[in-house]
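One letter stands for each residue in the lines below.
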Amino acid sequence: MAPRKNFRNQAKKEVKPAAVVNKNGVKVEASVAASGGGFSGTKIFTWFMVLALLGVWSSVAVVWFDLVDYDNVIGKLSAYDADGDGDFDVEDAKVLLGLKERPVSVLLREAKEDYAVKEPDDSRDEATHPYEDENNAIDTKGELVEKAQPQQTVEESKQYNNQPGSYNNQPGSPETKETVQLRYNAEAESVPEPEADVEPEVESVPEPEADVEPEVESVPELEAEFVPELKAKKKKPKLLNKFEKTIKTEIDAAEKLRKKGKVEEAVRAFETLVLQYPQSPRCRYGKALAEDGLAEKMLSNDMLQKAIGTYKEASELPNATPDLIKATLKKRAERQQFLGRMRGALATLEKLVQIFPEDMALKNDLGVAHLLIGDNNSAKRVYEEVLATAPSDGFAKVHYGFILKSENKIAESIPFLRDGLESGDPGTDDGRFYFHLGDALQRMGDDSAYKWYERGHQRGHFASVWQRSLYNVDGLKAQPWWTPKDTGYMDLVKTLERNWRIIRDEAQSVMDKTTGLFVPEEENLREKGEWGQFTLWQQGKKAGESCRSVPKTCGLLERYPEATGCKRGQIKFSVMQPGTHVWPHTGPTNCRLRMHLGLVIPKTGCKIRCTNDTRAWEEGKVLIFDDSFEHEVWQDADSYRLIFIVDVWHPELTQYQRQTLSPI
């Protein structure tokens, strides 16, 4: 019997659709359930296969037609391989987040790769030739407003370091020479690595008014003499021994980190090299340079002392080349001077001269080291040796001339100072030497002094022919004579003038020579006569127990910090006897003004010239002038002249500048 046909059975039957071919050429069935179009298991599998095949063919097309730059994508991912293990993982993430330092091996590898691209020119490598054109002046800006810091004021000896005949601390001594005395401290700014033979920078001061300028005839005949001759290019130093040439790439890689300012990484890199090659002088020298740079960054004396020790180690290793020994010990001496360890620097330079006795530049440096500890006699012997061997050495000439002048051998000093300046040799274009040559010529009655002052002004050492101080702050108002109203210190002036008799009486009470309170002026400023001084404040501090002898005078001044706190000035009594003449001279800085209160003034015969304006004192009246301008004093009366000198800060200095400027 044939089965019954009904709608229920028909509904259960599947309709077999026609086979279709997809776009990839694969024949598939497009089955649809008779119950309403739902996919069966077979159909789902079929569509899965279709999609899979589509994916395969799409991938083939992307690769075949180069639709994606896979190398670029992979290269970008490799940048995150911070630990050098070839992949990007959790350790790489720690490095990128700053939780872990990059291994030294990675840093060296990267630096090597950079060097493989472009080999550096070692001939201009400051690190490998730090002593080329060196000036030993480390300009730390220990001060916000000055290019360098001065030390003591003009005092009473002829030492090189801190006295009027001194090389470092003269009127006419550039700021940058003082920085060898600086220390790293919390307020100091970063100190740049010394450059070679860079002339000391001196801040400019506004020109004085035209009516106070002396007439100075032009000096065309000197123009050519002052143009330094082009020197032959210095020979490239040989710092690598035979073995070190085989590891030059590794040394260069570490050195590149230091030159890029990555001093912490450079220290680690050189420490690694020193561990690998403990007998390599160049690796240890590189470590010292990196430690030196880190000391500057950290403002750390301890780190600098470590670098000084490492320099010594490098110089004492076997197989160190002569050039490396020289560079290392010069750097060591330089940094010892920076820390104020002058005798240590002297010993280092003496060792250098023993090793390299034919090097006149080293002997010149040794002479300076003697001067820095006040040993002018030893310095003189050194420069005599240099000039016996190299009679045209300009550096030795100006220093020898300076020493002769400090010995008051004025006429003898002139040819050495003049010839040294005319040589144009490195280290001679210095305001000190222009100052001393001009001063010596003035004392010999030679008007050509002003030609040299003009030359010093043209070279940037003096603000003008008249204003020849070199411890200067830029931008301050410059004029020789001031009124009380100009200064803004009217209250101080009124106090001095109201109480001048009290001040006079106390001064006269201590003038007796048996007290020993008035001491002779020993700054070598007098042509003749007697000039005594009794100091109450100096460099912003009371001078010993002086105020006990004149308590009323000191009490009057206590409430005027512009005077008692003036670290670049003094408060003192000055007595000058008849027949005294003070040479034309200038003070050391433009940061102060000088008040003179007349106490005992003869009716005639006493006068003071500042620039081309001559004035006289009056009892009970204050004269105010800027002693950074040339001034001169005559006492031709028949009795003594007594005045009270009060130095005050230049009124345009800010409070911060007054606090941070170093003493003179």
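Use the structure listed above.
Please read these numbers as outputs of a predicted model, since none were measured by experiment.

**Q** What exactly am I supposed to notice about the sheet that holds strand 11 (residues 606–610) here?
**A** Across a sheet, paired strands are connected by hydrogen bonds in the backbone, their directions being either parallel or antiparallel. Strand order in the open sheet formed by five strands is 5-9-14-11-12, with antiparallel pairing between adjacent strands. Looking at strand neighbours, the two that pair on one side only are strand 5 (526–528) and strand 12 (613–615), the edges of this open sheet. The sheet shows a mean angle of 20 degrees between the axes of neighbouring strands, taken without regard to direction. Of the strand pairs in this sheet, strand 9 (residues 580–585) and strand 14 (residues 631–635) are connected by four bridges, and their pairing is antiparallel. For H581, the partnering residue across the bridge sits in strand 14 and is W634.

**Q** Which parts of the structure should I look at to understand the pattern of salt bridges?
**A** Proximity of charged atoms lets side chains of opposite charge pair with each other. Enumeration over the complete set of coordinates arrives at 33 salt bridges. One salt bridge in this structure joins E255 and R258, with 2.8 Å as the shortest N-O distance. Here R258 and E255 lie together in helix 7 (residues 248–259), a separation of three residues that amounts to about one turn. Comparing E255 with R258, the two get one shared label, buried. One salt bridge connects D627 with R592, and the closest N-O pair in it is separated by 2.6 Å. Remark: R592 occurs in strand 10 (residues 592–600) and D627 occurs in the loop between strand 13 (622–625) and strand 14; sequence separation between them is 35 residues. A residue is classified by how much of its surface remains accessible, and R592, at 3% relative accessible area, is buried.

**Q** Just to check I follow, could you spell out the packing of helix 15 (residues 394–406) against helix 16 (residues 410–423) for this structure?
**A** Each pair of packed helices can be described by the angle between their axes along with the distance between the axes. Contact geometry of helix 15 with helix 16 gives a least axis separation of 7 Å together with a crossing angle of 155 degrees. Taken together, the axes of helix 15 and helix 16 lie roughly antiparallel to each other. Where helix 15 crosses over helix 16, the handedness of that crossing is left-handed. Packed against helix 15, whose contacting residues are G394, K397, V398, Y400, G401, F402, L404 and K405, the element helix 16 presents I410, E412, S413, F416, L417, D419, G420, L421 and S423 at the interface. In the contact of helix 15 with helix 16, the residues fall into eight nonpolar, five polar and four charged.

**Q** What exactly am I supposed to notice about helix 18 (residues 449–458) here?
**A** Residues separated by three or four positions in an α-helix point in the same direction, a consequence of the helix having 3.6 residues per turn. Counting buried positions along helix 18 gives seven out of 10 residues, so the element sits mostly inside the fold. Of the residues one or two after helix 18, G460 is the one with positive phi, at around 90 degrees.

**Q** Can you walk me through the nonpolar core in this structure?
**A** Most often, soluble globular proteins have nonpolar side chains that are buried together. Among the nonpolar cores identified, the biggest contains 52 residues, and Y383, L421, L437, I608 and W617 are the most heavily contacted of them. Ranked by the residues each element gives to this core, the list is headed by helix 15, at seven residues. If we skip the residues at most four places from it in the chain, I608 touches W481, H596, D613, T614, R615, W617, L623, F625, E632 and V633. W500, I503, L536 and L661 belong to the second largest nonpolar core, which has 41 residues in total.

**Q** Just checking my understanding: could you explain the pairing of strand 13 for this structure?
**A** A regular strand carries its side chains on alternate faces of the sheet. Here strand 13 shows no split at all, with V622 and I624 on one side and L623 and F625 on the other all buried. As paired elements, strand 10 and strand 13 share four bridges and run antiparallel to each other. Each bridged residue has a counterpart across the sheet, and for R594 the counterpart in strand 13 is F625.

**Q** Before we go on, may I ask you to explain a nonpolar patch on the surface in this structure?
**A** A grouping of F45, F48 and M49 is seen on the molecular surface, where their side chains present a nonpolar patch of about 340 Å² in accessible area. The residue M49 is located in helix 2 (residues 41–64) in this model. Looking at M49, the relative accessible area reads 35%, which means it is partly exposed.

What counts and what doesn't
- Residues numbered from 1 in each chain as written.
- Predicted model: local features only at pLDDT ≥ 70, side-chain atom pairs only at ≥ 80, totals over all residues.
- Heavy atoms only, no water.
- Pairing = 2+ DSSP bridges.
- Helix = DSSP H or I, 4+ residues; strand = E, 2+ residues; numbered from the N terminus.
- Axes fitted to C-alpha atoms, helices over the stretch in contact; angles between N-to-C directions.
- Salt bridge = Lys/Arg side-chain N within 4 Å of Asp/Glu carboxyl O.
- Buried < 20%, exposed > 50% of the residue type's maximum accessible area, 1.4 Å probe, protein only.
- Parallel < 35°, antiparallel > 145°, perpendicular 65-115°, else oblique.
- Left-handed = near helix turned anticlockwise from the far one by under 90°.
- Contact = heavy atoms within 4.5 Å.
- Nonpolar A, V, L, I, M, F, W, Y, C, P; charged D, E, K, R; others polar.
- Core = buried A, V, L, I, M, F, W, Y, C linked by side-chain atoms within 4.5 Å.
- Patch = residues over 30% accessible without salt bridge, like charges linked within 9 Å, V, L, I, M, F, W, Y side chains within 5 Å.
- Areas by Shrake-Rupley, 256 points an atom, 1.4 Å probe, with all protein chains shown as cover.

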